[in-house]
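# Close look at the chain arrangement
What follows is each chain in one-letter form.
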Amino acid sequence: KASNLLVMVQAYRLLASEMYKEGWDYPLHLGVTEAGEGEDGRMKSSIGIGALLLDGLGDTVRVSLTEAPELELAPCAVLTALGEKAVAGYETAVPFEEKMRDFRSYDRREVELPEQREGDSLDYRGICHRDGSVFGSLTVDAAASMSESELYTNLGCKTVVGMPFKDIATVDSIYFTDGGVPPSSNAELRRTFRRLMESNVHVICDEAALTADPMDGAVAVYNLSALDGSAPSLPEGCERFAVRFNGTEDAAAFETLAAMCKSPESRPAVLLAQADTSKGSRMHTMRRAFELVKASGLDVPVVHVALYEDGEVTLDEFVIRTGGEVGGCLVDGLGEGVCVKTDAVPMDDARRISFGLLQGCRMRNTKTEFISCPSCGRTLFDLQEVTAQIASRTGHLPGVSVAIMGCIVNGPGEMADADFGYVGGAPGKVDLYVGKEVVKRAIPNEEACDALIDLIKEYGRWKEPDSEEEEAEAVAA
């Protein structure tokens, strides 16, 4: 086990591979070490455990949360049901021979992000992000029902005098997953989306909708099966296009697309992987598709689109399923972004979950990474209370990882990936670590959180949290 999901998944696969060689059939117990609490704890557990269950690996599981023990049962049940369904579905899945994915090592695809061209009316380099993209899923009706400020908030935008600008956790692009386009008859809505595009939050709509009602600067979506090898004739006002595939296409379709990419005019900005799951699991379908993507030499970024039907999942199930079904691909380096949606989760929550998914897969950091153990009889302080206290004061430090461990028995070893550690050393006392080394001992509990912050400052990793007013003044300046 490991708290680093890439290490955890690879370790289990290597173990299973050696067991196959030896003819052993010992059961495997799956778990992510010190996953933490709440949504992030469930997400990290779902990525690691889900990826393996969807491979058919694993016999028992534990979702290790810094919460009451009984709260671990529900996510375990969702994960095991997901694995059982996927394994049963392999009987009807489209067969393929996997040659391009190597479970012995982790490598992300080398892709070329959208580039700027002479004469462009907008900056299209922001369609995707180099560390992993988050696309917001939206419908025309939903967009029209929101006020301008509400829409900006749901997309993660900051505002200065009412104008939107990108922040660290703003969606990169907006994908209208209902096949529509903001109508030209609604001038106010069109103006809102124009402001977003000018702030580098791009709008992606189906080609047919844009042909019927053009929108300057929008990215037109074409189905891979409809392309003939030549540059598509874009709708009026469009300067970029995207290509959508469902994973059932043949090799020739991807080879045709790869040939198109040799010319800038016929190269799509991004590929949308919207899996057809009627004959197999999302992971199986996407692995087949990425086998063809890699074999064809395509270097266009791919964003996973996972749209769950109304009533299909609850909030907790949404976190777990996206972690397993989409995260299971990302931990193999298959994909460069996510776009997820369900009626059970408001748009702002789906955005937050998406960024958590990318961070769990070691792609894009937008907040502090916390590693915390579940409480046990050795715990020397109230783990849930202390974890919440530390998170509230240090959660604004992307790129920094903090481990909160109840005792020294397993703590130092299981927090090896953390930059800083807060470990119960004796009753009423806390030891502080930098990496694997203890640097301060026997700090009284009531002083330990302040001492941790001072330690982060001492090592140059601290920044003061910005207020809304300070951010606005900085951008305006």
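The preceding data block contains the structure.
As the structure is a prediction and not an experimental result, all values here were calculated from the model.

### Describing unusual backbone geometry
Unlike most non-glycine residues, V161 shows phi in positive territory, near 45°. Structurally, V161 can be placed in the loop between β4 (158-160) and β5 (163-165). Unusually for a residue other than glycine, R362 sits at a positive phi of about 60°. Take R362: it is sitting in the loop between α11 (347-360) and β13 (369-372). Given the relative accessible area of 38%, R362 is considered partly exposed.

### Observations concerning the packing of helix α3 (residues 73-89) against helix α10 (residues 315-330)
Taken N-terminus to C-terminus, the directions of α3 and α10 make an angle of 45°; their axes are 10 Å apart at the nearest point. Classified by the angle between their axes, α3 and α10 sit oblique to one another. For the crossing formed where α3 meets α10, the hand is right-handed. Packed against α3, whose contacting residues are P75, V78, L79 and L82, the element α10 presents E317, I320, R321 and E325 at the interface. Class assignment of the residues belonging to the contact of α3 with α10 gives a composition of 5 nonpolar, no polar and 3 charged.

### Comments concerning the pattern of salt bridges
Note that side chains of opposite charge can pair when their charged atoms are close. By the definition in use, this model includes 32 salt bridges. A salt bridge links R42 to E67; its shortest N-O distance comes to 2.7 Å. Remark: E67 occurs in the loop between β2 (60-62) and α3 and R42 occurs in helix α2 (residues 38-53); sequence separation between them is 25 residues. The class for R42 is buried, based on a relative accessible area of 11%.

### Digging into the sheet that holds strand β16 (residues 429-434)
Taken in spatial order, the 5 strands make up an open sheet running β13-β14-β15-β16-β17, and their pairing is mixed. Single-partner strands in this sheet number two, and they are β13 and β17 (437-444). In this sheet, neighbouring strand axes are inclined to one another by 20° on average, regardless of whether the strands run parallel or antiparallel. Two elements, strand β14 (residues 401-405) and strand β15 (residues 420-426), share 4 bridges in a ladder whose sense is parallel. Paired with A403 across the two strands is G421, which belongs to β15. Helix α12 (residues 383-394) rests against β13, β14 and β15 of the sheet, and its axis sits at about 160° to β14.

### Concerning the sheet that holds strand β6 (residues 173-176)
Strand order in the closed barrel formed by 8 strands is β3-β6-β7-β8-β9-β10-β11-β12, with parallel pairing between adjacent strands. Taken pair by pair, the neighbouring strands of this sheet meet at an average axis angle of 25°, ignoring direction. Examined bridge by bridge, strand β7 (residues 202-206) and strand β8 (residues 219-223) share 3 bridges and lie parallel to one another. What sits directly across from C205, in β8, is A220.

Criteria and thresholds
Residues numbered from 1 in each chain as written. Predicted model: local features only at pLDDT ≥ 70, side-chain atom pairs only at ≥ 80, totals over all residues. Heavy atoms only, no water. Helix = DSSP H or I, 4+ residues; strand = E, 2+ residues; numbered from the N terminus. Buried < 20%, exposed > 50% of the residue type's maximum accessible area, 1.4 Å probe, protein only. Axes fitted to C-alpha atoms, helices over the stretch in contact; angles between N-to-C directions. Parallel < 35°, antiparallel > 145°, perpendicular 65-115°, else oblique. Left-handed = near helix turned anticlockwise from the far one by under 90°. Contact = heavy atoms within 4.5 Å. Nonpolar A, V, L, I, M, F, W, Y, C, P; charged D, E, K, R; others polar. Salt bridge = Lys/Arg side-chain N within 4 Å of Asp/Glu carboxyl O. Pairing = 2+ DSSP bridges.

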